[in-house]
Amino acid sequence: MLLKRLLEPIARWESRLAARWVSSAHARLLAVQWGLKPWPEHFDHRIDLFHQWIRTRNPTWVERGVFSLLALKGGPVLELSCGDGFNARNFYSLRAASVIACDIDSRAIVTARRHNRADNLQYVVADIRTDMPQGEFDNVVWDFAFPLTRYFKPAEIERILAQIKRRLAGRGGILSGYTEAETGAVDGDAYQFRCMADLQRFLRGHFANVTVFETRAPQRHNMYFWASDATVPFQEGWHAALVVAGGSVEPGRRTEGSCQGTPPDEAWRSGGG
Ligand SMILES: C[S@@+](CC[C@H](N)C(=O)[O-])C[C@H]1O[C@@H](n2cnc3c(N)ncnc32)[C@H](O)[C@@H]1O
C-alpha cells in the first residue's frame, strides 16, 4: 500500500513526460512526411496513435479497422492496399487464422514489415489491378480510403471486383472496406460514389447482401461497406463473432441470462477495462 502510494506518482510523471515527447516526435514526423514533397501514398498510423488522435479527438482512423473486424469470420484474410500495415497487425491478425496484406507501394510494405509484423501476417508488394495475391479467403478487406475513381478506371474497378469475388466464392466470404465519398462527381457515373446510395447500388450489382453505412468527420465523409453472397454482420443468420446483448444473433441459440467467456475479474487482471 505504502509502496504503491510512493511509486504511482513517479510512474504517472514519467508517463506524462514520455507521452509529451512521443507526441512531439510524431508531430515532427508528420511535418517532414507531409510538409515536404514527395508526399507518401499512405499514412503512417503511428502518427494518429501517438499524436493526432488526442489532439483532434477525431476517431476516423480507427473506424475502418473496427468495422472490418466485425466482419471477420476467423479464417484467412486478404487485405488489399494495406498501406503501413497498422490495421493488418492491430485489428485483423489476432482474429484471423492468417493475413496476407498487399500494397503496390514498396515503401509502404517496408514500413509495414518494420513496424507491424506478426507471425501469421505476410506482406507482399502487389498491384491489385494485375497481380492480386491468389488463394481462398473468408474475408477480403479493401480500405482504399481515397475516392476510388481518382485512382482506378471503371474497367479496372470491375476487374478488381471480379478478382475479389473469385477469392471469396469458395468460403462464402465477405468483402469489407472503406472509401471516402467523392465530391464534385459527374451525375450518372456508376463508378463515382458520392453517397451511400451510389455505393450500395454498385455493390448490389456484384453481391447478394450489402450493407453500407457512413460517418461524418471534419472535412471527411466516410463510407463503409460489408458485401457478400452469404450473410453479412447483423443480418439474420450471422453468427461468426458477433453476440448482441440478450443473446446470440444466431436463431435458436440464444444465450440470454447467462454469461459466457472470460470472467470479468480475469479480464481486469489481463489489462482489460
Ligand atoms: C489511402 S492509402 C490506404 C492505406 C490503408 N489501407 C489505410 O487504411 O490506412 C491507399 C493505398 O492504396 C495503395 N494502392 C494504390 N493503388 C494500388 C494498386 N493498384 N494496388 C495495390 N495498392 C494500391 C497505395 O499505395 C496506398 O498505400
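It should be emphasised that the depicted structure is a prediction, and the values quoted were computed from it without experimental measurement.

Peer 1: Would you mind going over the packing of helix 1 (residues 2-35) against helix 2 (residues 45-56) with me for this structure?
Peer 2: When two helices pack together, you describe them by how their axes are tilted relative to each other and by the distance separating the axes. With their axes 8 Å apart at the nearest point, helix 1 and helix 2 run at an angle of 135 degrees to one another. Classed by the angle they form, the pair helix 1 and helix 2 counts as oblique. Here the hand of the crossing between helix 1 and helix 2 comes out left-handed. Across from Val 22, Ser 23, His 26, Ala 27, Leu 29 and Leu 30 in helix 1, the residues of helix 2 making contact are Arg 46, Ile 47, Phe 50 and His 51. Here the contact of helix 1 with helix 2 is built from residues that sort into six nonpolar, three polar and one charged.

Peer 1: Just checking my understanding: could you explain the site of the ligand for this structure?
Peer 2: Taken together, 20 residues form the shell around the ligand, and within it His 42, Ser 81, Gly 83, Asp 105 and Ala 145 come nearest. In terms of residue count, strand 4 (residues 139-145) provides more of the shell around the ligand than any other element does, three residues in total. Looking at the shell around the ligand residue by residue, the class counts come to nine nonpolar, four polar and seven charged. Among the domains, domain 1 (2-56) and domain 2 (60-228) are the pair contributing at least three residues each to the shell around the ligand.

Peer 1: What is the right way to read unusual backbone geometry from this model?
Peer 2: Excluding glycine, most residues fall at negative phi; most peptide bonds, likewise, are trans. Following Lys 37, the chain continues into Pro 38 via a peptide bond in cis, with omega recorded as 5 degrees. By secondary structure assignment, the location of Pro 38 is in the loop between helix 1 and helix 2. Not every positive phi belongs to a glycine, and Phe 234 is a case in point at roughly 75 degrees. Relative to the assigned elements, Phe 234 resides in the loop between strand 7 (220-228) and strand 8 (243-244). On the basis of neighbour count, Phe 234 is assigned to the partly exposed category, with 13 C-beta atoms found within 10 Å.

Criteria and thresholds
- Residues numbered from 1 in each chain as written.
- Predicted model: local features only at pLDDT ≥ 70, side-chain atom pairs only at ≥ 80, totals over all residues.
- Axes fitted to C-alpha atoms, helices over the stretch in contact; angles between N-to-C directions.
- Helix = DSSP H or I, 4+ residues; strand = E, 2+ residues; numbered from the N terminus.
- Parallel < 35°, antiparallel > 145°, perpendicular 65-115°, else oblique.
- Left-handed = near helix turned anticlockwise from the far one by under 90°.
- Contact = placed C-beta atoms within 7 Å.
- Nonpolar A, V, L, I, M, F, W, Y, C, P; charged D, E, K, R; others polar.
- Near = placed C-beta within 6 Å.
- Domains from an automatic or database assignment.
- Buried ≥ 20, exposed ≤ 12 C-beta atoms within 10 Å, placed from the backbone.

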